[in-house]
Amino acid sequence: MQIRPEEVANTSEQIFNQLLNYVADSIYISDMAGNIIAVNEQACRELCYSQEELTSKHISELDAVHVDREQVADHFKKYSLGSTLTFETSHRRKDVSVFSVEVNVRIIDFNGQQAVMGVARNISERKQAEEEIRLAESQHKSILKTAMDGFWLLDGQGHIIEANDAYSKMSGYSIQELTSMKIRDFEVIESASETAARIQKVIELGEARFETIHRRKDGSIFPVEISVQYKPENGGYQVAFLRDLSARKQMEEAYARSERFLNTVIDTEPECIKMLDENGNLLMMNRAGLEMIQADSFEQVKGNCMCHLVTGPYKADFMALTKRVFQGMSETLEFETVGLKGRHIWLETHAVPFRNDIGEITALLGITRDITERKRIENELQKSNSFNKSIIESSTDCIKVLDLQGRLQYMSLGGQQILGITNMDEFLNISFEDFWKGSDHEAAQEAITKAQQGQRGRFEGYCPVLDGTPKWWEVIITPIKGPDGNPKKLLAVSRDITDRKNSEEEREDMQKQLLHAQKLESMGVLAGGIAHDFNNILTAIIGNADLALMKINKESPGVENLHRIEQAAARAAELAKQMLAYSGKGKFVIENISLNILLKDMLHMLEVSISKKAVLRLNLHENLPAVEADATQIRQIIMNLAINSSEAIGEKNGLISVTTGCIDCDISYLKDVWLDENLAGGLYVYLEIADTGCGMDKETLSKIFDPFFTTKFTGRGLGMAAVLGIVRGHKGAIKVYSEPDKGSSFKILLPASKRPLEIFNGESHHDTWKGSGTVLLVDDEETVRDVGKEMLQELGFTTITANDGREAIEVFKANPDIAFVILDLTMPRMDGEQCFRELHKIKPDVKVIISSGFNEQEVTQKFVGKGLAGFIQKPYKLFTLKEVVTHLQ
C-alpha cells in the first residue's frame, strides 16, 4: 500500500511527540523571538504549569536568574542550522521555588521554520552534592589550618603528602618543603629500621600513639606526641596528628623541681613533719623526724605504726587522736616516745586532716616538736621548794624563762593572769622580742644581747595585754648560768609600771600647769606693781585737779583744761584697774548680787554692743542663789565675753546664748579648769556665754588668757587677761570649750553666797560736812602726801605726814592726840601691815585707814579681827576721801 506524504508527516510528528514526552529532561521549543510554541510533559511537571500556560509565555519568563538572550541570539547568527550552546541557569516554578538546570540549546527546523529547542536538565541534586563536597573540603582545610596540633598525610612508604600550618610552625619548614620529605628526615632517636618497623606496626594494628623527638629546620629538637591511623580502604594512606610536648615537658620539669624544692624545705625544717594513714602507719617523714625517733633512713620505718614508739600511758591517746583527725578535727597532744635506739624524749604534735583534690581525708598531717627541755624545766620547777614556787606563781610580776635565742619556754601563772593568757601552748617558742614594737623592740634586743653575754639587761617598754588594756612594763633580763659559768637560760622579770608612768605623766601635766600659773602670777605681780605706782601718780593728778576745780572761778578758761585732765586721768585709772584685775587685786565693791537681775539690766546694752548678725538669747535659771561679787567687774566679764563671741561670729548669722545655773561641783569637776588653785568643792553659780562662731584650735585656746595675746588686728590683748584676773579675785574658776568651726563656750564658776540677796540703794552725799582734829598721812610718794594733805585740810583736818612706817611710828609717839591715821600698804623699810601692828601696840584703839591700789577684799582680809577702821582705793577724789573719814567722826 502506498503511503501518502502527508500521512508520513503526521506519523513522524506523532512519533516525535511521543519521544518528547518520554524524555526525562524538559524540552522547550520557541520561535526565534523567544515565544514558547511547544513543550513536553516533563517540562510541565517540572515547572508545575499546564501546556497551555507554558505555550503562552516567553522563554525569559522561566529564568530565575538573568540570562543574556541577546548574546544567545548573536551566537546562533554566527552558526548555521544545527549548532548548539550549553549553559547553566536557574528556573522558577509556578510556586516560585527555584531549581538549577543545565540547558542545551540548538537551532532546528520546526514545521518548515527555524526554531530554538532547549533541553533543560534538573541538576539541583548534583549542585547540592558539589556544594557539600566543597564545604567538606573547606572545613577540612579550615580545621587543618586552625588546628593547634600538627597534621601529616603519609603514603605507605612514609612520604609526607600533606601537612598543615601548625606543624610548619613547629618544625620551621614550609608546607612545600614538608611535602617533599619523609618521616625519617625528622626523627632524632630512632634509626631508619626502627622507623620502618613502627610504620609496619601501624599498618598491622591500624593505629598507634607514641612519643619521639623531632629536629627543626634550625637544628633544635623538640618532643612530640604522634597519633597515627592507617586507612587501607583509602589507598593505604596514614593520617598522623602531632602535638608539641615542649610546654608539657617544661611543666613536668617545673613540677619535679618544685617537688624537689618542697622535699628539701621539708627535710630542712627543724620540726618533725610526718603523714600517717588511719591506722597510724607512717607514710612520710622528714629528716628532723627521723632524727627524733633515731631512724637511719625512711625505709627503716616506712609503713610502721608510730604508736609502737609511744610509751604505754599515751598509746591510747595517740590512736584516739588519729581517729579524731580522720573524722575531720584538728588535735594537739603531748606524749613521751622511745626512739629506735632507746632514747626517751617528750614530743608535742599538732595534727590536722590532709585532703585530696575532691576533699576526702587521705592522711593525717602532723607537725611535731621536741619539748623535752621544756618538760625538764617544768619538772625542775615542780621539784623545787614549794615555798619558792608559791612565791613565783603568786608574784605580781610576770616571770618568764627564755632559751639563749630569746624564745619563750616558761611563764609564771601570775604572769599568765596579768597578760590574760588562757592557753600557754600558743605562746611557747615565740621570740620575746616579738612582744615589743618600734623602739621598744630594739631595747628588748639589746637587753637580751646583754643577758646572752652574761650581763644584766634592763629596759622599759609599752605592750598591751591580750584584751587591749594599755600596759607599761619594766623588764629585767638576767642570765641563768650553768656549772661552767656560761649562760644556759635567760630569766625575764616584767613589772607593771603603768600607774607609775601615768603618775609621771600627771606630774608633768601638773608641772606644766604650775609653770603656767607661775607665769600668770609673775605677770600679775608685775601688773600689780606697775598699777600700784601708776595709781600713786594718778592720785596726785586727780587730787590736784579736783582741788583746783574747787578753787578756780567757774568762768575761768582753765576749767575746761582741768576737766580734760580729770577725764584723761580717769581713762588712765581704768587701764590701771584692768591691770589690777589681771593681777587679781582690783578694787572690788563686794555685794550680794543676783546674776539674773544683772543680766536683765544689761540686756539692752548687750544687744546694741554685738553684731546685728548675731541673735542674743538669755537662758536664766529661776531661784538662782546670790553670789558675793563686784557688780561692775561682773559686768566687765559679761561685756568682754559677749563682744568676743560677736567678733567670732563675724559677718555670718549666728547665736550668742547667755545661760545661768547652779551646779554642785566636786573636786574632779574643778580639776580641769582655769584657776584651780585650792578651789573647794561645793555649790557654784555659773554664767555661761556660748556662740556659734569660728571657734579656736588647741594652740589658740592655750594662749587666750595670756596678757597681750590677741587674735584681732587691733587691741591691747588685756580683755581676757582681765577676765581671768576678775575671776581669780572672786575665788572662781573658768571652763572653756571650743573647737574650730564649732563655736566656743566660756563657763564662769562663782561660789554661791550663803547670805540672802540684799537690795542696795545709792550712795548718800554729805556735801557740807567738815571734820576736825589731827590726821597722820603716811605714804612713800611725796606727790600723794602733798595732795592728800591738801584734801584733808580742805575737809577741816590738821595733817601731819610721814614718808614710811618707821617715821610714822616716831611721829605718832610724838603726837598722842592724832585722831586717825591714813596708812599706805606698800612702803620701803616698814610696810603698812607692820606699821599697823606697831601703832596698835602703842595705842590699841587707834583708828587706821589703809590706802592701796589693790582691791579692798585683798587688803582687808589681812586685817580681819585686828580693828581696821577703813579702806580707800587709789587713786581717789576728795568726795571718796570724805565718804571714808565721815564714819570716823
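Residues numbered from 1 in each chain as written. Predicted model: local features only at pLDDT ≥ 70, side-chain atom pairs only at ≥ 80, totals over all residues. Heavy atoms only, no water.

A. Up close: the sheet that holds strand E2 (residues 36–39). Sheet architecture is open: five strands sit in the order E2-E1-E5-E4-E3, paired in antiparallel fashion. Looking at strand neighbours, the two that pair on one side only are E2 and strand E3 (84–92), the edges of this open sheet. The sheet shows a mean angle of 30° between the axes of neighbouring strands, taken without regard to direction. Pairing between E3 and strand E4 (residues 98–110): nine bridges, direction antiparallel. Its bridge partner being in E4, Thr 89 is matched across the sheet by Val 101. (Pairing = 2+ DSSP bridges. Helix = DSSP H or I, 4+ residues; strand = E, 2+ residues; numbered from the N terminus. Axes fitted to C-alpha atoms, helices over the stretch in contact; angles between N-to-C directions.)

B. Summary view of unusual backbone geometry. With omega at -15°, the peptide bond leading from Lys 874 into Pro 875 counts as cis. The backbone phi angle of Val 96 is positive, close to 70°, even though this residue is not glycine. Mapped onto the secondary structure, Val 96 falls in the loop between E3 and E4. If you check the backbone angles, Lys 731 has positive phi at about 60° while not being a glycine. When you line up the elements, Lys 731 lands in the loop between helix H21 (719–729) and strand E26 (733–738).

C. Local environment of helix H15 (residues 438–452). Compared with an ideal rise of 1.5 Å per residue, which puts 15 residues at 21 Å, H15 spans 22 Å between its outermost C-alpha atoms and is within 8% of the ideal. The first or second residue beyond H15 is Gly 454, which carries a positive phi of 90°. (Expected span 1.5 Å × (residues − 1).)

D. How the structure looks around the sheet that holds strand E24 (residues 654–665). The strand order across the open sheet built from five strands is E22-E24-E25-E27-E26, with neighbouring strands paired in mixed fashion. At either margin of the open sheet sits one strand with a lone partner, and together these are strand E22 (614–619) and E26. The average angle at which neighbouring strand axes cross in this sheet is 20°, direction not considered. Two strands pair when backbone bridges link them, and E26 and strand E27 (residues 744–751) are joined in this way by six bridges, in the antiparallel orientation. The residue of E27 that forms the bridge with Ala 733 is Leu 749. On top of the sheet, helix H18 (residues 595–609) reaches E22, E24 and strand E25 (682–691); it is set at about 165° to E22, its chief contact. (Contact = heavy atoms within 4.5 Å.)

E. The arrangement of the packing of aromatic side chains in detail. All chains considered together, the criterion is met by eight aromatic pairs. Pairwise contacts between aromatic rings join Phe 432, Trp 436 and Phe 459 into one cluster. Looking at Lys 375, its charged tip hangs above the ring of Trp 346, at a distance of 4.7 Å from the centre. Over the ring of Tyr 686 we find Lys 747; its NZ or CZ atom is 4.6 Å from the centre of that ring. (Phe/Tyr/Trp six-rings, centres within 6.5 Å; stacked < 30°, edge-to-face > 60°. Lys NZ or Arg CZ within 6 Å of the ring centre and 35° of its normal.)

F. View of the packing of helix H23 (residues 805–814) against helix H24 (residues 832–842). The contact between H23 and H24 brings their axes to 10 Å, and the two run at 15°. When the interaxial angle is binned, H23 and H24 end up roughly parallel. Seen along the crossing, H23 lies across H24 with a hand that is right-handed. Where H23 abuts H24, its residues Gly 805, Ala 808, Ile 809, Phe 812 and Lys 813 lie against Cys 835, Glu 838, Leu 839 and Ile 842. Per-class residue counts for the contact of H23 with H24 are six nonpolar, one polar and two charged. (Parallel < 35°, antiparallel > 145°, perpendicular 65-115°, else oblique. Left-handed = near helix turned anticlockwise from the far one by under 90°. Nonpolar A, V, L, I, M, F, W, Y, C, P; charged D, E, K, R; others polar.)

G. Region of interest: helix H11 (residues 312–326). Along its 15 residues, H11 runs 23 Å from first to last C-alpha, staying within 8% of the 21 Å computed at 1.5 Å per residue. All of the buried residues along H11 are Phe 318, Leu 321, Thr 322, Val 325 and Phe 326. For H11, the angular spread of buried residues about the axis comes to 125°, placing them on one side. Opposite the buried face of H11, at more than 90 degrees from it, the exposed residues are Pro 313, Ala 316 and Lys 323. The inward-facing, buried residues of H11 contact strand E11 (272–276), strand E13 (331–338), strand E14 (344–355) and strand E15 (361–370). Two residues or fewer after H11 comes Gly 328, characterised by a positive phi angle close to 105°. (Buried < 20%, exposed > 50% of the residue type's maximum accessible area, 1.4 Å probe, protein only. Arc of directions from axis to C-beta.)

H. Broad picture of the pattern of salt bridges. Considering all chains together, one arrives at 25 salt bridges under this definition. Measuring nitrogen to oxygen at the nearest pair gives 2.9 Å for the salt bridge that ties Arg 121 to Asp 25. On the criterion of sequence distance, the pair formed by Arg 121 in strand E5 (residues 113–122) and Asp 25 in the loop between helix H1 (5–22) and strand E1 (26–30) is long-range, its members being 96 residues apart. Note on Arg 121: relative accessible area 44%, which makes it partly exposed. The residue Arg 369 makes a salt bridge to Glu 348 at a minimum N-O spacing of 2.6 Å. (Salt bridge = Lys/Arg side-chain N within 4 Å of Asp/Glu carboxyl O.)

I. Representation of the nonpolar core within the structure. If you look at the biggest cluster of nonpolar residues, it comprises 38 residues, and the most contacted ones within it are Ile 634, Ile 637, Ile 638 and Ile 748. With eight residues, the single largest contributor to this core is helix H19 (residues 631–649). Not counting residues within four places of it along the chain, the set of residues in contact with Ile 638 comprises Leu 598, Leu 599, Met 602, Leu 606, Leu 687 and Ile 689. By size, the runner-up hydrophobic cluster in this structure holds 25 residues, among which are Cys 272, Leu 276, Met 292 and Phe 326. (Core = buried A, V, L, I, M, F, W, Y, C linked by side-chain atoms within 4.5 Å.)

J. Representation of the environment of Ser 431. Here Ser 431 lies in the loop between helix H14 (413–419) and H15. Between the alpha carbons of Ser 431 and Leu 408 there is a distance of 6.2 Å; along the sequence they are 23 residues apart. Setting aside residues no more than four positions away along its own chain, Ser 431 makes contact with Gly 406 and Arg 407.

K. The arrangement of the pairing of strand E20 (residues 487–496) in detail. Taken together, the five bridges between strand E16 (residues 398–402) and E20 define a ladder with antiparallel strand orientation. Its bridge partner being in E20, Cys 398 is matched across the sheet by Ser 494. In this structure, strand E19 (residues 472–481) lies alongside E20, joined through nine bridges in antiparallel fashion. Residue Glu 474 lies in a different strand from E20, and its bridge partner there is Arg 495. Hairpin connection between E19 and E20: a loop of five residues separates the two successive antiparallel strands, and Gly 485 in this loop has a positive phi of roughly 85°.

L. Spotlight on the confidence of the model for the protein chain. On average, residues of the protein chain score 78 in pLDDT, and 78% of them are at 70 or above. A low-confidence stretch, residues 713–717 stays under pLDDT 50, and its non-local contacts, those more than four residues away or across chains, total nine contacts. The low-confidence segment residues 756–766 (pLDDT under 50) makes 16 contacts with residues lying over four places distant or belonging to another chain. (pLDDT = per-residue confidence, 0-100.)

M. Layout of the environment of Phe 335. If you trace the backbone, Phe 335 turns up in strand E13. Relative accessible area serves as the criterion here: at 3%, Phe 335 is assigned to the buried category. Here Phe 335 is in contact with Val 310, Tyr 314, Phe 318, Ile 345, Trp 346, Leu 347 and Thr 349, once residues within four sequence places are set aside.

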